[in-house]
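Secondary and tertiary structure notes
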Amino acid sequence: KFGPLDALHVCDNLGDHMIGHVYAKFADEEQASDALNVMNGRYYDGRRMEVEFSPVTDFREARCRDFDDGECARGGFCNFMHIKPVPMCLIRSLEDDAEIDKRRDEERRREAQR
């Protein structure tokens, strides 16, 4: 809806400071700002979302390498990100929805110009 994503990271950590965190990296800063303004304060699964910009720009440094290797001894309470894989069917669905929205917006613009 807001533009293409460069990356989507879903945390699988259990610590209070990381549980439920999702990081979406947009290709364009203005699109990220639009997403923040629309999504902040909305509800998902009965919980209010608190959306903010992240200072993290390189998620490779924030990831737990031990978790990626299947060996993190700290488990879900590790302070490094345990990234949950995003299913391809979800990625395809998001891309399809974005394409539908884009076509709909183009049609509305054309109709408004008539």
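Here the structure is a predicted model, which is why all the values come from computation and not from measurement. Each chain carries its own residue numbering, running from 1 in the direction its sequence is written. Only residues with pLDDT of at least 70 get local features here, since the model is predicted, and only at 80 or more are side-chain atom pairs given and counted; chain-wide, interface and lining totals rely on the full set of residues. With hydrogens and water excluded, all non-hydrogen atoms of the structure serve as input to the side-chain values.

1. Points about the overall build of the chain
We count it as follows: Put simply, DSSP H or I for four residues or longer makes a helix, DSSP E for two residues or longer makes a strand, and each gets a number counted from the N terminus. Atoms counted for the radius of gyration: C-alpha only. Globule rule: 2.2 Å times the number of residues to the power 0.38. Exposure categories follow from relative accessible area, calculated using a 1.4 Å probe and restricted to protein chains: below 20% of the type maximum is buried, above 50% is exposed, and the middle band is partly exposed. Only heavy atoms enter the contact rule, under which two residues are in contact if any of them lie within 4.5 Å.
Of regular secondary structure, the chain possesses four helices and five strands. Listing each helix as α and each strand as β along the chain from the N terminus yields β-β-α-β-β-α-α-β-α. For the chain, whose C-alpha radius of gyration is 17 Å, the value lies well above the compact-globule estimate of 13 Å for 114 residues. By its C-alpha atoms, the chain is 65 × 25 × 25 Å across when sized along the principal axes. Taken over 114 residues, the chain has a buried fraction of 19%. Considering only intrachain contacts with a sequence separation of at least 6, the fraction spanning at least 24 residues in the chain is 40%.

2. Focus on the state of the cysteines
Formally: Put simply, a disulfide is two cysteine sulfurs that come within 2.5 Å.
What the rule picks out here adds up to zero disulfides. The closest cysteine sulfur to the non-disulfide-bonded Cys89 is located on Cys11, 20 Å from its own sulfur. Among the residues examined, Cys89 registers a relative accessible area of 55% and is labelled exposed.

3. Notes on the sheet that holds strand β5 (residues 83-84)
Basically, it comes down to this: DSSP calls a pair of strands paired once it identifies at least 2 bridges connecting them.
Strands sit in the order β2-β1-β5 across an open sheet of three strands; the sheet is antiparallel. On the outer flanks of this sheet lie β2 (22-26) and β5, each paired with one strand and no other. Pairing analysis gives five bridges linking strand β1 (residues 5-11) to β2, with the strands arranged antiparallel. Residue pairing across strands places Val10 opposite Val22, the latter belonging to β2.

4. Quick notes on a nonpolar patch on the surface
Our working rule: Patch building starts from residues that exceed 30% relative accessible area and form no salt bridge, then joins like charges within 9 Å and nonpolar side chains (Val, Leu, Ile, Met, Phe, Trp, Tyr) within 5 Å. Surface accessibility follows the Shrake-Rupley procedure with a 1.4 Å probe radius. Residue values consider only the protein chains on display as shielding. Salt bridge, as applied in this entry: a Lys or Arg side-chain nitrogen positioned within 4 Å of an Asp or Glu carboxyl oxygen.
A surface patch of nonpolar side chains, amounting to about 300 Å² of accessible area, comprises Leu14, Ile19 and Phe77. Of note, Leu14 is situated in the loop between β1 and β2. For Leu14, a relative accessible area of 45% corresponds to the partly exposed category.

5. Structural notes on the nonpolar core
Operational definition: Grouping buried Ala, Val, Leu, Ile, Met, Phe, Trp, Tyr and Cys residues that are joined through side-chain atoms within 4.5 Å yields what is termed a nonpolar core.
In terms of nonpolar packing, the biggest core is built from seven residues, these being Cys11, Met18, Tyr23, Phe59, Ala62, Met81 and Ile83. Leaving out residues up to four positions away in the same chain, Met18 has contacts with Cys11, Asn13, Cys78, Asn79, Phe80 and Met81.

6. Remarks on the environment of Asp6
Along the chain, Asp6 turns up in strand β1. For the pair Asp6 and Lys25, spaced 19 residues apart in sequence, the C-alpha separation works out to 5.4 Å. For Asp6, the residues in contact, after removing those within four places along its chain, are Lys25, Phe26 and Ala27.

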